[in-house]
Amino acid sequence: APPLAVAESPAAAPEYFPAEEEEPLDEPTPSEPAEEPLDEEPTPEEPAAPTPEEPAATDANLSALETYLRQVFDRVDTGGDGEISVVEAIKALRTDDEFAELLGFEEATRVKASDGSKDRLTLALAALDSDGDKCVSWEEFRRAALG
């Protein structure tokens, strides 16, 4: 089949849409006075007082997030010693998208020195490992994620 014929310029292209009539701009007519600017600044609206349900909803969200984080942590802590070692983190990064995303990777990644992922993992673990013991405890993991 021959290639589609494409116009060389927009002017040479057939017109598919009828020309639209321009509507006049809304300008004040001489019989309508222009709006006067307000001399006083509007007062900002007061924020609504928190309802009693809000703290409960926040607590529920925090609890759900903490449960999710604990599930991810426990999946990565394959040794079950309550800490994520560098080896466990490297293995988890290969297959666990959620753990990878928590560490700032887009998805599960094979850690290699050549592409910078090893350096990124080192920096992520150093940021989590607040006591410098080369392992990430549940408290360190939780604190980094929840503040």
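Residues numbered from 1 in each chain as written. Predicted model: local features only at pLDDT ≥ 70, side-chain atom pairs only at ≥ 80, totals over all residues. Heavy atoms only, no water.

Undergrad: Before we move on, could you go through the nonpolar core and cite the residues and values that matter?
TA: The biggest cluster of nonpolar side chains holds 20 residues, and the ones touching the most others in it are Ile84, Leu93, Phe99, Leu103, Leu121 and Phe141. Going through the elements one at a time, helix H1 (53-76), helix H2 (86-95), helix H3 (97-102), helix H4 (117-128) and helix H5 (138-146) are the ones with two or more residues in this core. Aside from chain neighbours lying at most four places away, what touches phenylalanine 99 is Val72, Val76, Ile84, Ala89, Ala92, Leu93 and Phe141. (Core = buried A, V, L, I, M, F, W, Y, C linked by side-chain atoms within 4.5 Å. Buried < 20%, exposed > 50% of the residue type's maximum accessible area, 1.4 Å probe, protein only. Helix = DSSP H or I, 4+ residues; strand = E, 2+ residues; numbered from the N terminus. Contact = heavy atoms within 4.5 Å.)

Undergrad: Please provide a residue-by-residue account of the side chain of aspartate 129, values included.
TA: For aspartate 129, the position within the fold is in the loop between H4 and strand E2 (135-137). Here aspartate 129 is buried and forms no salt bridge, its nearest opposite-charge partner lysine 134 lying at an N-O distance of 6.0 Å. In this structure the side chain of aspartate 129 is engaged in a polar contact, spanning 3.2 Å, whose partner is the backbone nitrogen of aspartate 133. When sequence neighbours within four positions are dropped, the list of residues in contact with aspartate 129 reads Lys134, Cys135, Val136 and Glu140. (Lys, Arg positive; Asp, Glu negative; His and termini not counted. Salt bridge = Lys/Arg side-chain N within 4 Å of Asp/Glu carboxyl O. Polar contact = N/O pair within 3.5 Å; in protein donor to acceptor, adjacent residues only side chain to side chain.)

Undergrad: Requested: an account of H5, with residues and values cited.
TA: Burial in H5 covers these residues: Trp138, Glu140 and Phe141. Along the axis of H5, the buried positions cluster into a sector of 165°, meaning they face one direction only. Taken from the residues just after H5, glycine 147 is the one with a positive phi, measuring 85°. (Arc of directions from axis to C-beta.)

Undergrad: Before we move on, can you summarise the pattern of salt bridges with the specific residues and values?
TA: Tallied over the entire structure, the rule returns four salt bridges. Of the charged contacts in the structure, one is a salt bridge between arginine 142 and glutamate 66, with a shortest N-O distance of 3.0 Å. Taken as a pair, arginine 142 in helix H5 and glutamate 66 in helix H1 lie far apart in primary sequence, 76 residues in all. Given a relative accessible area of 21%, arginine 142 falls into the partly exposed group. Counted as one network, the salt bridges with shared partners bring together Arg75, Asp96 and Glu98.

Undergrad: Give me the lowdown on the environment of arginine 94, citing residues and values where you can.
TA: Within the fold, arginine 94 resides in helix H2. Of the residues examined, arginine 94 reaches a relative accessible area of 41% and is grouped as partly exposed. Here arginine 94 is in contact with Ala108, Thr109 and Arg110, once residues within four sequence places are set aside.

Undergrad: Describe H2, naming the residues involved and giving the relevant values.
TA: Residues Glu88, Ala89, Ala92 and Leu93 constitute the buried set of H2. What you see down the axis of H2 is that its buried residues fit within an arc of 135°, all on one side. Those residues of H2 that are exposed and aimed more than 90 degrees away from the buried face are Val87, Lys91 and Thr95.

Undergrad: Please set out unusual backbone geometry residue by residue, giving values where relevant.
TA: Unlike most non-glycine residues, lysine 134 shows phi in positive territory, near 70°. Topologically, lysine 134 is positioned in the loop between H4 and E2. A relative accessible area of 65% means that lysine 134 is categorised as exposed.

Undergrad: Please provide a residue-by-residue account of the packing of aromatic side chains, values included.
TA: Scanning all chains against the criterion turns up three aromatic pairs. Taken together, a centroid distance of 5.5 Å and an interplanar angle of 50° make the contact between phenylalanine 73 and phenylalanine 141 tilted. Here phenylalanine 73, found in helix H1, pairs with phenylalanine 141, found in helix H5; they are 68 residues apart in sequence, far enough to count as distant. Here the two residues phenylalanine 73 and phenylalanine 141 agree in accessibility, since each one is buried. Taken together, the ring pairs in this structure connect Phe73, Trp138 and Phe141 into an aromatic cluster. If you follow arginine 120 out to its NZ or CZ, it ends over the ring of phenylalanine 105, 4.2 Å from the centre. (Phe/Tyr/Trp six-rings, centres within 6.5 Å; stacked < 30°, edge-to-face > 60°. Lys NZ or Arg CZ within 6 Å of the ring centre and 35° of its normal.)

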